[in-house]
Amino acid sequence: SASSFMSRKSYIEAMRGIEEQMERHLQQSMPLRVLPTTELERIGHLPRSSACVATLPDGSLCGQRHDDVLTDVGDGWDLLKNPIVLISHSWVEPSKGRPDNDDNRKWQIVLAGIRRVCDQHNLDPECMYVFLDWCSIPQEAFGTPEFDQYVQSLPAFIAQMSFVIIPLDSKLVLRDALRLDRDLCPVQMNWAHYSKRGWCRMEMLVGR
């Protein structure tokens, strides 16, 4: 009938609209930059693109820039030879301008997760790369059009990931969202906090 025909036509138009929206959201306007796992281990903490504020073993702050060890992912990148791991996380201490605590606990969990992925999939850790927003996106550009373009490119970045690691601490009570760590900041390496974050949910969805 005419009504059913129009209904079918409207459905097709709606699906085309959804596809166009998805294509727009998956447009990449900035380079995907990743960190070799070997460098992540060598650095000893979650590195910042510049002016790193991670705590070193002697209690001092790092202060270095780490974007010089990033690698651009080009069109010829082979994900089978060089898998990329997305670190999907909530920043532990945003008030202090860093995603980890003084003990660099999240860094330890990330490395343990990468080793587990390598063991399960028979991969060489030296061939693995990491997308870590704290380093892969220039944090010093925050508030600029360049930074906005990186944020808009995130769905396209995430769609290229081989694996997603969510660094949660199994020692924490899952629903204890108000626990404080030794720095007197809310513990955010637990599912209760992570699962409430919009970006975290998006990363889980796109990364599936």
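Predicted model only: the values in this text are computed from it and were never measured.

J.: Describe in detail the sheet that holds strand β3 (residues 84–87), supporting the description with residues and values.
T.: Ordered by their spatial adjacency, 5 strands build an open sheet running β2-β1-β4-β3-β5, and the pairing between neighbours is mixed. Only two strands of the sheet have a single partner each, and these edge strands are β2 (71–72) and β5 (163–165). As paired strands, strand β1 (residues 33–36) and β2 are joined by 2 bridges and run antiparallel to one another. Residue pairing across strands places Val34 opposite Thr71, the latter belonging to β2. Each of β3, β4 (129–131) and β5 touches helix α3 (residues 105–121); the most contacted strand, β5, lies at about 145° to it.

J.: Lay out the confidence of the model for the protein in plain terms, naming residues and giving numbers.
T.: Put simply, the protein has an average pLDDT of 81, and 67% of its residues get 70 or more. Note on residues 1–5: pLDDT under 50 across the span, and 0 contacts to partners over four residues away in sequence or across chains.

J.: Describe in detail the nonpolar core, supporting the description with residues and values.
T.: In this structure, Leu40, Ile87, Ile114 and Leu132 are the most contacted members of the largest nonpolar core, which totals 20 residues. Those elements that place two or more of their residues in this core are β3, α3, α4 (133–136) and β5. In terms of residues, this core owes the most to one element, α3, which gives 6 residues. Apart from the residues lying within four places of it in its own chain, the contact partners of Ile114 are Thr37, Leu40, Val130 and Ile165. Of all hydrophobic cores here, the second largest spans 16 residues; its members include Val34, Ala141, Tyr150 and Ile158.

J.: Any chance you could break down the pairing of β3 for me, citing the residues and the numbers?
T.: Alternating positions in β3 separate into two faces, Ile84 and Leu86 on one and Val85 and Ile87 on the other, with burial throughout. Two elements, β3 and β4, share 3 bridges in a ladder whose sense is parallel. Counted as the bridge partner of Val85 is Val130 from β4. As judged from the 3 bridges shared by β3 and β5, these two strands associate in the parallel manner. Opposite Val85, over in β5, you have Phe163 as the bridge partner.

J.: Kindly report on the pattern of salt bridges, identifying the contributing residues and their values.
T.: A complete count under the given rule lists 4 salt bridges for this structure. As a salt-bridge pair, Arg65 and Asp67 come within 2.7 Å of each other at their nearest N and O atoms. Overall, Arg65 belongs to the partly exposed group, its relative accessible area being 46%. Look at the salt bridges and you will find they share partners, linking Arg65, Asp67 and Glu140 into a network.

J.: Give a description of the side chain of His66 that names residues and reports values.
T.: Mapping His66 onto the fold places it in the loop between α2 (37–43) and β2. Given the relative accessible area of 5%, His66 is considered buried. Contact partners of His66, with chain neighbours within four places excluded, come to Ile43, His45, Pro47, Arg48, Ser49, Ser50, Cys52 and Cys135.

J.: Residues and numbers for the environment of Thr71, please.
T.: Looking at the element boundaries, Thr71 is found in strand β2. Among the residues examined, Thr71 registers a relative accessible area of 26% and is labelled partly exposed. Not counting residues up to four positions away in its chain, the partners in contact with Thr71 are Leu32, Arg33, Val34, Pro36, Trp77 and Tyr129.

J.: Give me the packing of aromatic side chains: which residues, what numbers.
T.: How two aromatic rings sit relative to each other is set out by the distance from centre to centre and by the angle between their planes. Throughout the structure, instances matching the rule amount to 4 aromatic pairs. Geometrically, the ring pair formed by Phe131 and Phe157 is tilted, given 5.6 Å between the ring centres and 55° between the ring planes. Of this pair, Phe131 sits in strand β4 while Phe157 sits in helix α5 (residues 145–158), placing them 26 residues apart in sequence. Exposure remark for Phe131: the relative accessible area of 2% places this residue in the buried category.

Rules behind the numbers
- Residues numbered from 1 in each chain as written.
- Predicted model: local features only at pLDDT ≥ 70, side-chain atom pairs only at ≥ 80, totals over all residues.
- Heavy atoms only, no water.
- Pairing = 2+ DSSP bridges.
- Helix = DSSP H or I, 4+ residues; strand = E, 2+ residues; numbered from the N terminus.
- Contact = heavy atoms within 4.5 Å.
- Axes fitted to C-alpha atoms, helices over the stretch in contact; angles between N-to-C directions.
- pLDDT = per-residue confidence, 0-100.
- Core = buried A, V, L, I, M, F, W, Y, C linked by side-chain atoms within 4.5 Å.
- Buried < 20%, exposed > 50% of the residue type's maximum accessible area, 1.4 Å probe, protein only.
- Salt bridge = Lys/Arg side-chain N within 4 Å of Asp/Glu carboxyl O.
- Phe/Tyr/Trp six-rings, centres within 6.5 Å; stacked < 30°, edge-to-face > 60°.

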